[in-house]
There are 2 protein chains.
Amino acid sequence: MSLTSIDANDIAALARGCAVLGTGGGGDVRTGSLAAVRAIREHGPVPLTRLADLPEDALVVPLSGIGAPTVSHEMIHGEDEPRRIVEEIERIFGRPPSAIMSSEIGGANGVAPVAWAAQLGVPLLDADGMGRAFPEVQMVSMYVAGLPADLVVMSDVAGNVVTIRPVDGLWSERLARAVCVAAGSHALMADYVLTAGRARGAVIEGTVTRALEIGRATQGAADPLGALQDRLGAARLITGKLTDVERRTTGGFVRGTATIEGTGDDRGRRLALELQNENLVATEEGRTLAMVPDLITVVDTETAAAVQTEGLRYGQRVTVLAWPCDPLWRTPKGLETAGPAAFGYDLDYVPVEELMARA
Amino acid sequence: MSLTSIDANDIAALARGCAVLGTGGGGDVRTGSLAAVRAIREHGPVPLTRLADLPEDALVVPLSGIGAPTVSHEMIHGEDEPRRIVEEIERIFGRPPSAIMSSEIGGANGVAPVAWAAQLGVPLLDADGMGRAFPEVQMVSMYVAGLPADLVVMSDVAGNVVTIRPVDGLWSERLARAVCVAAGSHALMADYVLTAGRARGAVIEGTVTRALEIGRATQGAADPLGALQDRLGAARLITGKLTDVERRTTGGFVRGTATIEGTGDDRGRRLALELQNENLVATEEGRTLAMVPDLITVVDTETAAAVQTEGLRYGQRVTVLAWPCDPLWRTPKGLETAGPAAFGYDLDYVPVEELMARA
């Protein structure tokens, strides 16, 4: 399937796919979806472009909302933030962007860029910086590829614009997070503004199309869960019932643990899911079944719709799926950046397909 | 006296004067003094310039360190921060600064700009944005004069540079403070970068010379306290002994109360001094003797050297002086910005000379 633009009636599938890739985090796709549909109705469909279609020096602006997901729920995304960020980038680089890109295809940040691209009248790049969702600013492919984190531009609802020239990715995260909290725990951010030439090999290509395909796979399917599992190439970790959810929001992050007790064929099993905005580690009786950076998503067993971390409720009938991350995350730098140790887990990374083969 | 440049042997007097104008706050003048002497020895004397000497479009960069004073004590001021800020300003404005200015003549921020000017090879403007010290970013003459707080450039010891385009002065304060705390509670900041044309009437002129004159008045004087009082035109609120000091550092600020019990002619009297980085309100038996924005400084009774908030110690023999602030602070906008209510005191401002006349 080759897409040349995203129309209003593509948004539901895109949102569904982005929610699945969000691995429980990345914010609520609903707000972004409404904004995207509204913006396309007002400004027309959003052209989808590939890196191969752009000249070497074309400017690509990765955009994402940052904040605590339980806060961004309540926030209204303004039209002014992307405009202010692009104005600042034009001022700095002396030319307008040729495309905007989702920094994070998983969750709301995969859908909302469609609205921003429509409002700005700029194409959307069929790529992102994660292939999933991650909670921290430096956890992007551009960082793993060794590009300097030399510029961050942020804008908030109040209209403030903050430009950060950090010495490294960790300072980038620290300062951007502080600005975000001061701005009311939500801000729009352009991180790793780069040329198309530098983007090759430093972004994960085709992920907007992939999210759309994932979303479409389950639409109207007789067996949505089976269709989703096939499309993802995912292992089914457990099918069961949510029996315990422990969550707390601290320092802009949601952390916690969810327990799923097996039903049907899985009766007698019990899966523990460790959360830090995203689903990070799945264990059963001390044995790890899947771990970050591989993707772990909780879906409604009947509809195969992704359940986000903040949507987890006692008694839900769910299935937990896990599948391989982009190969970039399995490199030494990728694992150092977003492997289990980066989240404080004392685990050596083993790919999900190997863990499954051992089971 | 007309100065054309500041030499290494002017620094002691300048530091003494800046400490007096610091009204207890503004950070420790010693660190800035050492840096200024060292920088002048390495780079030569710092030309002192007047607004009248600059062309209309000459760029003036107000610089100051921000942070909790009890933290900045421990920090080493790098040479790189002013250079990085000036580079960013050149990038934004397309031309180099013609002068740097102290944002705050009171305390360390009155002395350290001499070091920065020497390192940068740029003249120092004989002016500042306060005529004293204040704890918050928006409490500057440029804000009172109605100039837009449209640009803040910050740099920290790690080498990060943050540019803020705030919607107003309060957002400027909020975001700059958040960045400062994330950067380890100390950062260098350029705020209200302006042309010489816009600076007229929006900065407090002659304050570097004034600080020098204050410092010189007590050097080698037979009666340092009398000489200082004369030079300042200050009222003596009490002479006595520090009997109680209560201080706490919260959110980057030092707050507290100091009690001075009278000795000699003042025996039987007791003065309470309310502190928030600076000395803000002096009361005796419920009667207010002086209040912000007028200047209240605690000095050593014998040497007339200013005692800073964090230097207050039980048993010290001190005299409390108070004198009128710059007329700009007594305008409605000045009082709204830095009058007693701006610090949470339920007091109507009365000039110190009127309060003294009533006594």
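Residues numbered from 1 in each chain as written. Chains lettered and ligands numbered in written order. Predicted model: local features only at pLDDT ≥ 70, side-chain atom pairs only at ≥ 80, totals over all residues. Heavy atoms only, no water.

A short note on the domain arrangement of chain A
Residues and elements named next belong to chain A. For chain A, the domain assignment lists domain 1 (5–207) and domain 2 (222–358). Relative placement of domain 1 and domain 2: their C-alpha centres are 25 Å apart. Listed by partner, the interface residues are 36 residues for domain 1 and 35 residues for domain 2. Carbon and sulfur atoms supply 64% of the area that domain 1 and domain 2 bury against each other, a total of about 2,700 Å² over both sides. Here domain 1 is connected to domain 2 by zero salt bridges. Between domain 1 and domain 2 we count ten residue pairs in polar contact (both at pLDDT 80 or more) in total. Elements with a minimum of two residues in the side of domain 1 that touches domain 2: α1 (11–21), α3 (69–72), α6 (141–144) and α7 (169–182). Sort the elements by how many residues they give to the side of domain 1 that touches domain 2 and α1 lands first, with four residues. (Domains from an automatic or database assignment. Contact = heavy atoms within 4.5 Å. Buried area = accessible area lost by both parts, 1.4 Å probe. Salt bridge = Lys/Arg side-chain N within 4 Å of Asp/Glu carboxyl O. Polar contact = N/O pair within 3.5 Å; in protein donor to acceptor, adjacent residues only side chain to side chain. Helix = DSSP H or I, 4+ residues; strand = E, 2+ residues; numbered from the N terminus.)

A word on the interface of chain A and chain B
Accessible area lost upon the coming together of the parts is a frequently used measure of interface size. Each side of the interface is counted separately: chain A has 20 residues, and chain B has 20 residues. For the pairing of chain A and chain B, the buried interface totals around 1,700 Å² over both sides, and the portion due to carbon and sulfur atoms is 56%. Looking at the side of chain A facing chain B, the largest losses of area belong to A:Asn160, A:Arg165 and A:Ala182, adding up to 32% of the total buried there. Remark: the boundary between chain A and chain B carries two salt bridges. We note a salt bridge from A:Glu88 to B:Arg165, for which the minimum N-O separation is 2.7 Å. Looking at the side of chain A that touches chain B, the elements with two or more residues in it are α4 (80–93), β7 (161–165) and α7 of chain A. Ranked by residue count, the leading element in the side of chain A that touches chain B is α7(A), at six residues.

Quick look at the confidence of the model for chain A
When pLDDT is averaged along chain A, the result is 92; 95% of the residues meet or exceed 70. In the predicted structure, residues 69–75 of chain A sits below a pLDDT of 50 and forms 18 contacts with residues beyond four places in sequence or in another chain. (pLDDT = per-residue confidence, 0-100.)

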